[in-house]
Amino acid sequence: MDNSIDVITNNIQLALAPVFLLTAVATLFNAISTRLARTVDRMRAIHKELRDDNISEDGLYQLMLKEADESKFRGRLCTIAIFFDVLSGVLISLTVLELFFFQAGALNTPKTGYVMWSFVFGMASFMTSMVIMLGEVVYGYLSAGWENRVLTK
């Protein structure tokens, strides 16, 4: 086998290793998008009920206003988490490109600084997105107010 083919194969393997992280980024993005869509749908349903003026009881009206505010906050958390998740994907992709170009010899600058920092910031961004999503899930559970909601038929 030609030596240049071995080098190219090694370069591709090295550059593609972080691509597995992109799978996690895409999976988290899908989960966040689903939660955001459900939150937006719930907010629209609440606004429709409030707009149609089908609520005669003042306590229920206030409860729905509170739930609308909670949904708005949850939507903001999801949006911030999406930002950090996408930023993570961009930084991990940049890491892949850097590794490939440095290994291929297309760039002659020292590689450790660029690769290390794009990877570290990508992972930090991914972890930030996960922490924000954990906060959104906990907030969503706590805002359900299981002990305070009155269920009537």
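These numbers were taken from a predicted model, which means no experiment stands behind them. (Residues numbered from 1 in each chain as written. Predicted model: local features only at pLDDT ≥ 70, side-chain atom pairs only at ≥ 80, totals over all residues. Heavy atoms only, no water.)

**A word on the overall build of the protein**
Secondary structure assignment for the protein yields four helices and zero strands. Ordered by position from N to C terminus, the α and β elements of the protein give α-α-α-α. Out of the 153 residues belonging to the protein, those deemed buried represent 28%. Accessible surface computed for the protein: about 10,300 Å², of which carbon and sulfur atoms make up 67%. (Helix = DSSP H or I, 4+ residues; strand = E, 2+ residues; numbered from the N terminus. Buried < 20%, exposed > 50% of the residue type's maximum accessible area, 1.4 Å probe, protein only. Areas by Shrake-Rupley, 256 points an atom, 1.4 Å probe, with all protein chains shown as cover.)

**What to know about a nonpolar patch on the surface**
A cluster of nonpolar side chains, contributed by Ile-5, Ile-8, Ile-12, Leu-97, Phe-100 and Phe-101, occupies part of the molecular surface with about 500 Å² of accessible area. Only helix H1 (3-16) and helix H3 (58-104) provide two or more residues apiece to the nonpolar patch. With respect to the secondary-structure elements, Ile-12 resides in helix H1. Note on Ile-12: relative accessible area 37%, which makes it partly exposed. (Patch = residues over 30% accessible without salt bridge, like charges linked within 9 Å, V, L, I, M, F, W, Y side chains within 5 Å. Salt bridge = Lys/Arg side-chain N within 4 Å of Asp/Glu carboxyl O.)

**Re the pattern of salt bridges**
Any two side chains of opposite charge can pair, given that their charged atoms come close. The full count for this structure, using the stated rule, is five salt bridges. Where Glu-136 meets Arg-35, a salt bridge forms, and the shortest distance between an N and an O atom there is 2.5 Å. Separated by 101 residues along the polypeptide, Glu-136 in helix H4 (residues 111-143) and Arg-35 in helix H2 (residues 19-52) bring together distant segments of the chain. What makes Arg-35 partly exposed here is its relative accessible area of 27%. The shortest N-O distance in the salt bridge between Arg-74 and Glu-136 comes to 2.7 Å. A residue pair is termed long-range when its members are at least 10 positions apart, and Arg-74 in helix H3 and Glu-136 in helix H4 qualify at 62 residues. Among the charged side chains, a salt-bridge network with shared partners connects Arg-35, Arg-74 and Glu-136.

**So, the confidence of the model for the protein**
Here the protein shows a mean pLDDT of 83. Residues at 70 or above account for 82%. The least confident element of the protein, judged by mean pLDDT, is H1 at 70; the most confident is H2 at 90. (pLDDT = per-residue confidence, 0-100.)

**Here we look at the packing of aromatic side chains**
In this description, a pair of aromatic rings is defined by centroid distance and the angle of the planes. The tally for this structure, following the rule as stated, stands at three aromatic pairs. With centroids separated by 5.2 Å and ring planes inclined at 75°, the aromatic side chains of Phe-83 and Phe-84 adopt a geometry described as edge-to-face. (Phe/Tyr/Trp six-rings, centres within 6.5 Å; stacked < 30°, edge-to-face > 60°.)

**Structural notes on the nonpolar core**
Within the largest apolar cluster, ten residues are counted, these being Val-25, Leu-28, Ile-32, Leu-77, Cys-78, Ala-81, Ile-82, Phe-126, Ile-132 and Met-133. Elements supplying a minimum of two residues to this core: H2, H3 and H4. Broken down by element, this core gets its largest block of residues, four residues, from H3. Discounting chain neighbours no more than four positions away, the residues touching Ile-82 are Phe-29, Ile-32, Ser-33 and Leu-36. One finds Leu-50, Ile-55, Met-64 and Ala-68 within the second-largest nonpolar core, a separate group that totals five residues. (Core = buried A, V, L, I, M, F, W, Y, C linked by side-chain atoms within 4.5 Å. Contact = heavy atoms within 4.5 Å.)

**As for the side chain of Asp-85**
Position of Asp-85 among the secondary structure elements: in helix H3. Despite its burial, Asp-85 pairs with no opposite charge; the closest candidate is Arg-35, at 13 Å N-O. In contact with Asp-85, not counting residues within four places along its chain, are Val-25, Leu-28, Phe-29, Ile-32, Phe-126 and Ser-129. (Lys, Arg positive; Asp, Glu negative; His and termini not counted.)

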